[in-house]
Amino acid sequence: MAAELDYIDMVSTNRMPLLRGPIVEEEKIEWLEGIVEECPEYYPALFDLASENIKNGNDEAGKRCIDRGLQSLRAHFSRNDLIDAYHKTCEFLEYYLRFELALEYYNQLLEIKKAKEKPSVYDSIALCYACLNDVDKAIEYQRRAIESNENCKFYSNLGWLEMIRGNVEEAEKMLKKAVELDKRDDIAKTNYEISKTLLKSKKMHNWNDYLLREVDYGKLNKLREDEDEWEEYETLVNGYNQSRIEAFKSYLLQNPKYSASERYDVQFSLWYMLDFVFGIYDDGYFLYDNIEVITDNCERIMHKFIFKTGDIDNEIFDGVWVAVSEFYKFLSKHKLVEKAEFKELEKEMKNLKPELREKMLRYNEVRRNDDYTEEEKERIREELFEGDHAWPIL
């Protein structure tokens, strides 16, 4: 009960900080460690502590906390509570790209689940293996899921895995079966159409080829000029953008240059920045392949970004820089942007970086400083950002 009260106090303080402000990361960890020290079996604090450690790249410490939390649930709570905790833990680990660790807990979950409950776990294990680039193992587990329960989702996922492997004819069969089982499933229908596109194509032979397909600028421009086709234009742009992000994520997962936590940081920083540019872009919809939008507006984008991002620091600043550079280097490698265009972006970013960092540090000094009046802050913003912050769009 004492641990429960301390935990509620921490959560309440963070949600309603009043005059003291929110709990910062280091303080939260100390608070959680204090709760666990007093009550080693208080699982909410253990799982919170696990998440903080994994977010910070301390996976071993995070795993120890997860194991202790699951042990507490197993000893004191119901089977349903334990199963629910396993699912939430694995979902968290997948979100933070810790697929190997998620596999460990999914396999533990198989030992707890009843036979009729196991197909969904097989399906989740298949996804983890696919993300770890072990497609054969993924297909093995996907087939286990189908053997136990023939449904649309499992056939759809098997078709997707076969497209990854490049077995497009088999993929088309599996996806046709998925659509027959549930004609309302949008994912199955979309992937079925993709499989048929791959079968007809002379250039594309697998899922990755599709993700990195060339942009049909002629079709885009035609749709853009017709107001009645604006919705289809938006859908097409978003489709290309999502494909690029998915292909880049796959590249990151297979890149030994980065640790698991670094991969997540790069992915999150990239998503955050591209979404930010998408939101302020005022010339149609921002197609990520259009590298010149970033190059030509680099300074203006960063002025707005520094102004809008209240918690920006050197770590966030550098993370965005690395993510954007890595992403366009990746697109350049696959000839979706010209190498010369990528070099121009790198040159522009390199030239602007020192000055923009100084502006960030300067504005951080005054952003929440009550010694400055709002008029004085606005004068400083005008000086630093040259009026860019005042315009909501590019």
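Criteria and thresholds
- Residues numbered from 1 in each chain as written.
- Predicted model: local features only at pLDDT ≥ 70, side-chain atom pairs only at ≥ 80, totals over all residues.
- Heavy atoms only, no water.
- Axes fitted to C-alpha atoms, helices over the stretch in contact; angles between N-to-C directions.
- Helix = DSSP H or I, 4+ residues; strand = E, 2+ residues; numbered from the N terminus.
- Parallel < 35°, antiparallel > 145°, perpendicular 65-115°, else oblique.
- Left-handed = near helix turned anticlockwise from the far one by under 90°.
- Contact = heavy atoms within 4.5 Å.
- Nonpolar A, V, L, I, M, F, W, Y, C, P; charged D, E, K, R; others polar.
- Buried < 20%, exposed > 50% of the residue type's maximum accessible area, 1.4 Å probe, protein only.
- Polar contact = N/O pair within 3.5 Å; in protein donor to acceptor, adjacent residues only side chain to side chain.
- 1 Å grid on protein atoms, 1.4 Å probe; cavity = no way out; pocket = protein on both sides within 12 Å on 5 of 7 lines; lining within 4 Å.
- Points joined across faces, edges and corners; volume = space filled by probe spheres on them.
- Expected span 1.5 Å × (residues − 1).
- Salt bridge = Lys/Arg side-chain N within 4 Å of Asp/Glu carboxyl O.

**Q** Any chance you could explain the packing of helix α8 (residues 135-148) against helix α9 (residues 152-165) here in plain terms?
**A** When two helices pack together, their arrangement is captured by the angle between the axes and the distance separating the axes. Where α8 meets α9, the axes come as close as 10 Å, and the angle between the chain directions of the two elements is 160°. In terms of orientation, α8 lies roughly antiparallel with respect to α9. You can see that α8 and α9 cross each other, and the crossing is left-handed. Residues Val135, Asp136, Ala138, Ile139, Gln142, Arg143, Ala145 and Ile146 of α8 lie in contact with α9, whose contacting residues are Phe154, Tyr155, Asn157, Leu158, Leu161, Glu162, Ile164 and Arg165. Of the residues assigned to the contact of α8 with α9, the class counts are 10 nonpolar, two polar and four charged.

**Q** Help me out: how do you make sense of the side chain of Thr89 in this one?
**A** On the secondary structure map, Thr89 appears in helix α5 (residues 79-95). With a relative accessible area of 7%, Thr89 lands in the buried category. A polar contact is formed between the side chain of Thr89 and the backbone oxygen of Ala85, at a distance of 2.8 Å. When neighbours within four sequence positions are excluded, Thr89 is seen to be in contact with Phe47, Ile66 and Tyr105.

**Q** For this particular structure, what's the right way to read the layout of surface pockets?
**A** Empty space among the atoms can be located by rolling a probe the size of a water molecule over them. In this structure, the largest pocket spans a volume of roughly 1600 Å³. Lining the largest pocket we find 50 residues, and of these Trp160, Asn191, Trp207, Leu211 and Glu246 sit closest to its centre. Only α7 (118-131), α8, α9, α11 (186-200), α12 (207-211), α14 (230-253) and α18 (314-333) provide two or more residues apiece to the lining of the largest pocket. At 13 residues, α14 tops the list of elements feeding residues into the lining of the largest pocket. Taken together, the residues that form the lining of the largest pocket break down as 21 nonpolar, 17 polar and 12 charged. As a volume, the second largest pocket reaches approximately 1200 Å³. Considering the residues around the second largest pocket, the lining is formed by 27 residues, among which Glu25, Asp311, Asp313, Glu315 and Ile316 are closest to the centre. Here the lining of the second largest pocket takes eight residues from helix α15 (residues 260-280), the largest share from any one element. Here the residues of the lining of the second largest pocket sort into 13 nonpolar, six polar and eight charged.

**Q** What's the story with α7 in this structure? I'm lost.
**A** The first and last C-alpha atoms of α7 sit 20 Å apart over 14 residues, in line with the 20 Å expected at 1.5 Å per residue. For α7, the tally of buried residues reaches 11 of 14 residues, placing the bulk of the element in the interior. At its buried positions, α7 is contacted by α5, α6 (99-112), α8, α9 and α14.

**Q** Whenever I open this one, the pattern of salt bridges confuses me. Can you help?
**A** Opposite charge on two side chains lets them pair, provided their charged atoms get close. Inspection of the entire model under this criterion finds 29 salt bridges. A salt bridge links Asp84 to Lys88, with the nearest nitrogen and oxygen atoms 3.2 Å apart. Of the two residues, Asp84 and Lys88 are both situated in helix α5; the distance of four residues between them amounts to about one turn of the helix. Taking relative accessible area as the criterion, Asp84 reaches 37% and is therefore assigned partly exposed.

**Q** What's the story with α15 in this structure? I'm lost.
**A** Each α-helix turn comprises 3.6 residues. Residues three or four places apart therefore point the same way. For α15, spanning 21 residues, the distance from its first C-alpha to its last is 31 Å, which sits close to the expected 30 Å at 1.5 Å a residue. Buried-residue contacts for α15 involve α5, α14, α16 (291-296), α17 (298-308) and α18.

**Q** Can you walk me through unusual backbone geometry in this structure?
**A** Note: most peptide bonds trans; most residues except glycine with negative phi. One non-glycine residue, Leu97, lies in positive phi territory at about 65°. In this structure, Leu97 sits in the loop between α5 and α6. Look at Leu97 and you get buried, because its relative accessible area is 6%. The residue Lys335 is not glycine, and still its phi comes out positive at about 60°. With a relative accessible area of 75%, Lys335 lands in the exposed category.

**Q** When you look at empty space enclosed by the protein in this model, what are you seeing that I'm missing?
**A** For the coordinates displayed, the defined rule picks out one cavity of 30 Å³ or more. Its boundaries defined by the atoms lining it, the largest cavity holds a volume of some 110 Å³. Taken together, Met273, Leu274, Val277, Ile294, Cys298, Ile301, Met302, Val320, Trp321, Val324 and Met349 make up the lining of the largest cavity. Here the lining of the largest cavity is composed, by residue class, of 11 nonpolar, no polar and no charged.

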